[in-house]
Amino acid sequence: MSVNKKEVPIPRVFISYSWTSPDHEEWVLDLAERLMNDRVEITLDKWDLQEGHDTYHFMESMVRSDKIDKVLIICDQGYYEKAEERRGGVGTETLIISPEVYKDIKQEKFIPIVATRDENGNAYIPSYIKSRLYIDLSSESQFESGYERLLRNLYQRPQHRKPSIGEAPSWLFEDEPYYFKTANINKQLRDALARNPGRFRGLVKEYLSTYFSSLDQLQIGKMEEPHDQQIMDNIDNMVPLRDDYVEFIELLCESQEQLNNDPIVSFFEEIYRYSQPPESINSYLEYQFDHYKFLIHELFIYTIAVLIENEQYKAIGDLIKTEFFIHDRFERKTHSNYHVFYFHMRSLDEVRKQRLNLRLLSVDADTIVKRATLKRYPKKKLVQADLLLHYIAVLEKHSWPWFPKLYVYGPYEKLDLLHKLKSKRHFEKIKAIFGVTHPDELKTILTKYEQPEGYKYRESFDSVPSLLLQIKPEELCLYH
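Since this is a predicted model, take the numbers as computed values, not measurements.

## Examining the packing of helix 8 (residues 182-195) against helix 9 (residues 200-216)
With their axes 9 Å apart at the nearest point, helix 8 and helix 9 run at an angle of 170 degrees to one another. Taken together, the axis directions place helix 8 and helix 9 in an arrangement best described as roughly antiparallel. Taking contact as the criterion, the partners of Thr182, Ile185, Asn186, Gln188, Leu189, Ala192 and Leu193 in helix 8 are, on helix 9, Phe200, Leu203, Val204, Glu206, Tyr207, Thr210, Tyr211 and Ser214. Broken down by class, the residue content of the contact of helix 8 with helix 9 amounts to nine nonpolar, five polar and one charged.

## Quick word on the environment of Lys431
The residue Lys431 is located in helix 19 (residues 424-434) in this model. Taking relative accessible area as the criterion, Lys431 reaches 21% and is therefore assigned partly exposed. Distance in space between the C-alpha atoms of Lys431 and Gly317 is 8.6 Å, their sequence separation being 114 residues. Other than its neighbours up to four places away in sequence, Lys431 contacts Val436 and Thr437. Of note is the side chain of Lys431, whose polar atom sits 2.7 Å from the side chain of Glu428.

## Considering the confidence of the model for the chain
Summary statistics for the chain give a mean pLDDT of 85 and a share of 88% for residues scoring 70 or more. Between the elements of the chain, mean pLDDT differs from a low of 42, seen in helix 7 (residues 171-174), to a high of 96, seen in helix 13 (residues 290-309). Throughout residues 168-177 the model reports pLDDT below 50, and contacts reaching past four residues in sequence, or to other chains, amount to ten contacts.

## Overview of the sheet that holds strand 4 (residues 110-114)
The strand order across the open sheet built from five strands is 2-1-3-4-5, with neighbouring strands paired in parallel fashion. Bordering the open sheet on either side are strand 2 (41-43) and strand 5 (135-136), each of which pairs with just one other strand. Judged from the three bridges that link them, strand 1 (residues 12-16) and strand 2 form a sheet pairing that is parallel. Looking across to strand 2, one finds that Val13 is bridged to Ile42. Its contacts with the sheet place helix 1 (residues 22-37) against strand 1, strand 2, strand 3 (70-75) and strand 4, and it is angled at close to 150 degrees to strand 3.

## As for helix 13
In this model helix 13 runs 28 Å from its N-terminal to its C-terminal C-alpha over 20 residues, within 8% of the 28 Å that 1.5 Å per residue would give. Extensive coverage of helix 13 is indicated by the burial of 19 of its 20 residues. Phi for Glu311, located one or two positions after helix 13, is positive at around 55 degrees.

## Section: unusual backbone geometry
Across the junction of Glu225 and Pro226, the peptide omega takes the value -10 degrees, indicating a cis bond. Position of Pro226 among the secondary structure elements: in the loop between helix 9 and helix 10 (227-237). Of note, Gln156 is a non-glycine position whose phi angle comes to about 55 degrees, a positive value. For Gln156, a relative accessible area of 65% puts it in the exposed group. At Glu311, a residue that is not glycine, the phi angle is positive and equals roughly 55 degrees. Considering the arrangement of structural elements, one finds Glu311 in the loop between helix 13 and helix 14 (313-320).

## Thoughts on the side chain of His390
When you line up the elements, His390 lands in helix 17 (residues 379-395). Only 2.9 Å separates the side chain of His390 from the side chain of Gln451, close enough to count as a polar contact.

Quick notes on the rules
- Residues numbered from 1 in each chain as written.
- Predicted model: local features only at pLDDT ≥ 70, side-chain atom pairs only at ≥ 80, totals over all residues.
- Heavy atoms only, no water.
- Axes fitted to C-alpha atoms, helices over the stretch in contact; angles between N-to-C directions.
- Helix = DSSP H or I, 4+ residues; strand = E, 2+ residues; numbered from the N terminus.
- Parallel < 35°, antiparallel > 145°, perpendicular 65-115°, else oblique.
- Contact = heavy atoms within 4.5 Å.
- Nonpolar A, V, L, I, M, F, W, Y, C, P; charged D, E, K, R; others polar.
- Buried < 20%, exposed > 50% of the residue type's maximum accessible area, 1.4 Å probe, protein only.
- Polar contact = N/O pair within 3.5 Å; in protein donor to acceptor, adjacent residues only side chain to side chain.
- pLDDT = per-residue confidence, 0-100.
- Pairing = 2+ DSSP bridges.
- Expected span 1.5 Å × (residues − 1).

In structure tokens, the structure reads:
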């Protein structure tokens, strides 16, 4: 059951810290501002303590007030030394906080936050709170996971919840969607872009490794009836992984003006193995790995959609001309163009369609469209990406021209990316997709274009719209 976040009370928090150094003060301010942006009401001396105010009364009222839900104690070397020696403002706060800590029966209000460690890696935690569980924000690698833990504490939304006795195991999946470590690495990647770009490349490798480890969790060891529902449940469980991947590609786009496709190529070459049974499995059903096939196909469409959205047209051109080197279940190597990431979903388009008597052209396509919940990538943009993959396959004369399953969800709407080729300025932006440098080259290609005859769903009246319905050779670059 989801919770309306607008109905959740705003956590009210006081931050206790030492003015150890300008850098540390800035660190505390950054933390306070980020918490405010995440709908946490922060009381901080720099914002709330005015000239003429009684500092002792201010501290005492914050620590003892029923209106303050939590007190964050920012532990660095300066705070530790002043607290131990009972000196300065920290010493005063310590005298106020100590008895509150010892009588705090619920053990909830006071949270040590480790901001720095000593040369031996030990946390600077004063004696009076040394036995308390702390949250570690002392390093870049720990910060994002620690920050998430802090937010969950403040909102009383722990990641792991103790189940009620007697509940079936399904409770783990009903309250909240799957949560994968890839989300944390995306946060680290975003932070690295802003603070430490040198870490970005290493985090990309860590992301890819973690992604495949997450996919391993969704392996189906034994099929259970109804088989198609088991596949569909796993497809639903992979929505967070899809969203994490989309954010990852967006971060790659942000990191480079001209995107290097190597991480994307490596990703798809590696993820292909999930479409087949591992060599260790001898007995399996043909569609036992359809949830992986669905995700791979969906992710390739989203990849093109994200690259279009971020105007990485050269990257699109390079990706759709790439020969992917993949392995089968026996580690035999082969290579193929991108059509290898297109799959027929028998578990959905045959088994499920028949079992539930669904009047759909494609359960697979319908599921992709219904899952199009990301605001930046609505159905329209996925249709555009899917059709583009088809048109390029025809232009490149692939042996099998990628069937755009989503075309029926927008067949009468011209695609902005192609319709705008009437503009020379737009042509110059996207020409790399087609691997040309001059409008005449593309005109020649379009003149020879032949749409596959009768390319459509068997039960549909509407064929896949031709590229020439999007842009005609004589319309190319008519305007500036």
